[in-house]
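Survey of secondary and tertiary structure
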Amino acid sequence: ALLSVLRILRRQNLLVTGGVDRIIRVWNPYLPGKPTGTLRGHMAPVVYVHVSSEENKVFSMSADNSVKIWDLETHGCCFTASSKASGLKGELAACLYLAGPRALCVATDALAFLHLKVGSDPEPHLVRSHQEPVVCCRYNPAFRHVVSCCEASVVKVWDFETGRQVSEFIGTHGNAGVTCLTFDSSGRRLVTGGRDGCLKIWSYNSGHCLHTLRHDENRSEVCDCTYMEVNQNRCVIAVGWDRRINVYFDIPCDFHHFWTPQPRWQDDLNHGHKEDILCVAQCPPFLLATSSYDGEIIVWNVISGHMHCKLNPPGSMDEGPDGSVSRLAFLKTRATKLDSAGASLISNGPGGSVAFWKLFSGTGLLANFTPSRRKAPVSSIAVTAEDTLAYLADQQGFVHVCDIREYGLQGPELQAPNTVTSWRAHVSMVTSLELIEGDSILLSSSLDSSVRLWSKDGAYIGTFGQTHPWDVFTPASWSHPRVPFEVLTDPQSMPTHLVPETDVAAGCSGGRQEQDSVMEKVLFETEKTPPLPSLEGPVVEAEVSEDKSRWSAFCRGRLLPARRRPHWKMPELKWPSIYQGLQCHEVACVSAPGEKPDLSIIGADAFTIGFHSQEREAELLGRKERSPWSSFLPKC
């Protein structure tokens, strides 16, 4: 008969069994035909299994007194405690896991109490939400979910409050990648656009494709889409490589699987875009803005289908991709007034610039500035509900927060708005920004395959897909350190504060040689000081090696004392040092407490007795030399 140990994890509907075949199996109780996972590694029959739902771990013990800890998500072995290392001797009689003290109580010849410090798996250097670059992410307030899509046509649904994955759609657009996504007004249906030229409407709960929207036979790529309500009419608006604005009416009584767009607007056919349309943005009740590859921006009246105005950012024409406009954002509190003389539309532009546009009482450019000192192109824009702050993300992963409460209201602006704060969110281009939960949380995605949450001030909450969950409303549960590892160690993430008595900014990649020369002058052109101890050997050199720019930036955080001149040469090896490259794992196993025996009762010392017996044995064997242990004894 099969000796099995059975545990049920009710929260996740899992069944875990183990037996004499040394294999632990994970089952779905509703699909009993085949296990959903097998955990292999024990060398003897499994006699005990425990499932810790709080940590998502499985504890198992075999007849040879070895204990293993397994991860239910990856089905991998996290830790193995051998009987010799744990001090377990004799035949196993009973075993029990105590959740309170996180200890495993094992009864063999004696009772052992193993305190296992079980925590989350050590985070890898790069936590990925997807296996491919993430192209878009959105927040669904109806279900409190975050939805993200990647180049591999995979759509994932995440729990906003904890960061755990809820579900996943694979092959959303077949072999074609997903380019954009949005929700309907109820939040119950998901709309995705892809490189196959189609839009698809999905049932949010079941993952079933309800409708497929096709606009032409050439399968022109869809670049962006939005869901809009106009005079109680609901529609999906999509733009892309066909250079046309495609409007699909959302009719509940239309049960056909394939939908086709409405007839094209006449202004769109006669005076529309001449290049691929890259972006679409809406401003209820009837304004729509589109931008194209050649930098042209057109504002439309959705009700009439007529063009309201056409805008051309300065320096955008004939510059190819550097002059394209790929992001638009309405300042809705101003645009809904229709007669506002202030700026009502924000767009990105060439050379990392951001433009503010006036749409009423005459149209034109009111402001044009560059938020990034590195002049990195702006790749995503998000504005708070009251149009007080603008979040501008660039292709190097930085997020700049600008105060625009009064910016562009009184006419043209010659200066850039005040920067409230800035930080680096990703190591690659930011593809999406969205403000959620009353403008207190920021959602971001990037080509570095990660989707992250931030506070409105830039505090790092976590990356979707990390092993340990968070509570978005409890700052103590947010990730530590407050900066992702790959962002912390990237050379472009250096601070930008000024160097004392110089005008060079620390960490600016364009002036690295000048920074190094300034730092060398601070370090080496002062008077003498006692030399530091010499460092010898390749290992020591590797331990103290750092890149010059990082060393200089570290020293700038404190004022170096005057009249000091180190006499050692700064090593020039790659960052990080071997200390940063080590992965530390802390596992503590504490055996049963015991007391040191009191030998004063017999009037002898065990160490001395052992030594004299060894000396006597040496003499009997005819050895003339002294015992090797005698040199360690105290001399009387």
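Rules of the game
Residues numbered from 1 in each chain as written. Predicted model: local features only at pLDDT ≥ 70, side-chain atom pairs only at ≥ 80, totals over all residues. Heavy atoms only, no water. Helix = DSSP H or I, 4+ residues; strand = E, 2+ residues; numbered from the N terminus. Buried < 20%, exposed > 50% of the residue type's maximum accessible area, 1.4 Å probe, protein only. Contact = heavy atoms within 4.5 Å. Areas by Shrake-Rupley, 256 points an atom, 1.4 Å probe, with all protein chains shown as cover. Core = buried A, V, L, I, M, F, W, Y, C linked by side-chain atoms within 4.5 Å. Salt bridge = Lys/Arg side-chain N within 4 Å of Asp/Glu carboxyl O. UniProt positions renumbered as here; feature names shortened; annotations may be inferred. Pairing = 2+ DSSP bridges. Phe/Tyr/Trp six-rings, centres within 6.5 Å; stacked < 30°, edge-to-face > 60°. Polar contact = N/O pair within 3.5 Å; in protein donor to acceptor, adjacent residues only side chain to side chain. Axes fitted to C-alpha atoms, helices over the stretch in contact; angles between N-to-C directions.

A word on the overall build of the protein
Summing up its helical and strand segments, the protein has 9 helices and 39 strands in all. Residue burial in the protein is summarised as follows: out of 636 residues, 47% are buried. Once local pairs closer than 6 in sequence are excluded, the contacts in the protein between residues at least 24 apart make up 45%. With the model as given, the accessible surface of the protein reaches about 33,300 Å², and the carbon-plus-sulfur share is 53%.

Side note on the nonpolar core
Inside soluble globular proteins, nonpolar side chains tend to come together where they are buried. One finds Leu-287, Phe-330, Leu-345 and Leu-359 to be the most contacted residues of the largest nonpolar core, which totals 19 residues. When sequence neighbours within four positions are dropped, the list of residues in contact with Leu-359 reads Val-299, His-308, Cys-309, Leu-311, Phe-330, Ser-344 and Leu-345. Membership of the second largest hydrophobic core comes to 17 residues, among which are Phe-356, Ala-367, Ile-381 and Ile-404.

Digging into the pattern of salt bridges
Under the counting rule described, the total for this entry stands at 13 salt bridges. For Glu-275, the salt bridge identified is with Arg-243, shortest N-O distance 3.9 Å. Here the residue Glu-275 occupies a position in the loop between helix H2 (266-271) and strand E24 (277-283), and Arg-243 occupies one in the loop between strand E21 (233-240) and strand E22 (246-249), the gap between them amounting to 32 residues. With its nearest N and O atoms 3.3 Å apart, the salt bridge here joins Arg-243 to Asp-276. Of this pair, Arg-243 sits in the loop between E21 and E22 while Asp-276 sits in the loop between H2 and E24, and the two are 33 residues apart along the sequence. Overall, the relative accessible area of 18% leaves Asp-276 in the buried class.

Comments concerning the UniProt feature "repeat: WD" (unreviewed entry) in the protein
UniProt annotation of "repeat: WD" (unreviewed entry) refers to residues 1-28, 39-74, 127-168, 178-212, 270-302 and 423-455 when read in the numbering used here. Regarding residues 270-302, the helix share stands at 6% and the strand share at 55%, and the terminal C-alpha atoms are separated by 16 Å.

Structural notes on the pairing of strand E37 (residues 441-446)
Within E37, 6 of the 6 residues are buried, leaving the element largely enclosed by the surrounding structure. Covered by surrounding structure in E37 are Ile-441, Leu-443 and Ser-445 together with Leu-442, Ser-444 and Ser-446, the residues of both alternating faces. Alignment of strand E36 (residues 430-436) against E37, held across 6 bridges, turns out to be antiparallel. In the sheet register, Glu-434 faces E37, and the bridge partner there is Leu-443. Counted between consecutive antiparallel strands, the loop separating E36 from E37 contains 4 residues, among which Glu-437 sits at a positive phi close to 55°. One ladder, built from 5 bridges, connects E37 with strand E38 (residues 451-455); its direction is antiparallel. Bridge assignment links Leu-443 to a residue of E38, and that residue is Leu-453.

A word on the pairing of strand E25 (residues 287-292)
Counting buried positions along E25 yields 6 of 6 residues, so the element is predominantly enclosed. Taking every second residue as pointing to the same face, both faces of E25 are buried, with Leu-287, Ala-289 and Ser-291 on one and Leu-288, Thr-290 and Ser-292 on the other. Bridging between E24 and E25 involves 6 bridges; their strand directions are antiparallel. The residue bridging Gln-282 from the neighbouring strand is Leu-288, located in E25. Counted along the chain from E24 to the antiparallel partner E25, the turn is 3 residues long. Bridge count for E25 against strand E26 (residues 297-301) is 5 bridges, and the pairing is antiparallel. Each residue of the ladder has a partner; that of Thr-290, found in E26, is Ile-298. Hairpin connection from E25 to E26: 4 residues lie between these consecutive antiparallel strands, with Gly-295 at a positive phi of about 90°.

Considering the packing of aromatic side chains
This model, assessed by the stated rule, comprises 11 aromatic pairs. Seen from their ring centres, Phe-169 and Trp-202 are 5.8 Å apart, and the 50° between their planes marks the pair as tilted. Highlighted residues: Phe-169 in strand E15 (residues 165-170) and Trp-202 in strand E18 (residues 198-203), separated in sequence by 33 residues. Taken together, Trp-158, Phe-464 and Trp-470 form an aromatic cluster joined through their ring pairs.

Observations regarding the side chain of Asn-348
The topology assignment puts Asn-348 in strand E29 (residues 343-348). For Asn-348, a relative accessible area of 4% gives the class buried. Here the side chain of Asn-348 touches Arg-327 through a polar contact of 3.2 Å, landing on its backbone nitrogen. In terms of polar contacts, Asn-348 uses its side chain to reach the backbone carbonyl oxygen of Val-378, at 2.8 Å.

Section: the sheet that holds strand E11 (residues 111-115)
The sheet built from 3 strands is open, its strands ordered E9-E10-E11 with antiparallel pairing. Of all the strands in the sheet, just strand E9 (94-98) and E11 have a single pairing partner and so form its edges. In this sheet, adjacent strand axes meet at a mean angle of 15° when their direction is disregarded. Summarising the sheet, E9 and strand E10 (residues 103-107) pair through 5 bridges and their orientation is antiparallel. Residue pairing for E10: Leu-98 is matched across the bridge by Ala-103.

What about the sheet that holds strand E12 (residues 134-140)?
Taken in spatial order, the 4 strands make up an open sheet running E12-E13-E14-E15, and their pairing is antiparallel. On the outer flanks of this sheet lie E12 and E15, each paired with one strand and no other. Averaged over all neighbouring strand pairs, the angle between strand axes comes to 15°, with direction disregarded.

Some details on unusual backbone geometry
Pro-284 connects to Pro-285 through a cis peptide bond whose omega is 10°. Within the fold, Pro-285 resides in the loop between E24 and E25. Located in the positive-phi region is Arg-144, a residue other than glycine, with phi close to 55°. Here Arg-144 shows up in the loop between E12 and strand E13 (145-150). The backbone of Ser-449 shows a phi angle near 75°, a positive value even though the residue is not glycine. As for its placement among the helices and strands, Ser-449 is situated in the loop between E37 and E38. Taking relative accessible area as the criterion, Ser-449 reaches 5% and is therefore assigned buried.

A short note on the environment of Phe-398
Counting through the fold element by element, Phe-398 comes out in strand E34 (residues 398-403). Judged by its relative accessible area of 9%, Phe-398 falls in the buried class. Sequence separation between Phe-398 and Trp-423 is 25 residues, and the spatial gap between their C-alpha atoms is 5.7 Å. If sequence neighbours within four positions are ignored, Phe-398 has contacts with Arg-374, Leu-392, Ala-393, Trp-423, Arg-424 and Gln-492.

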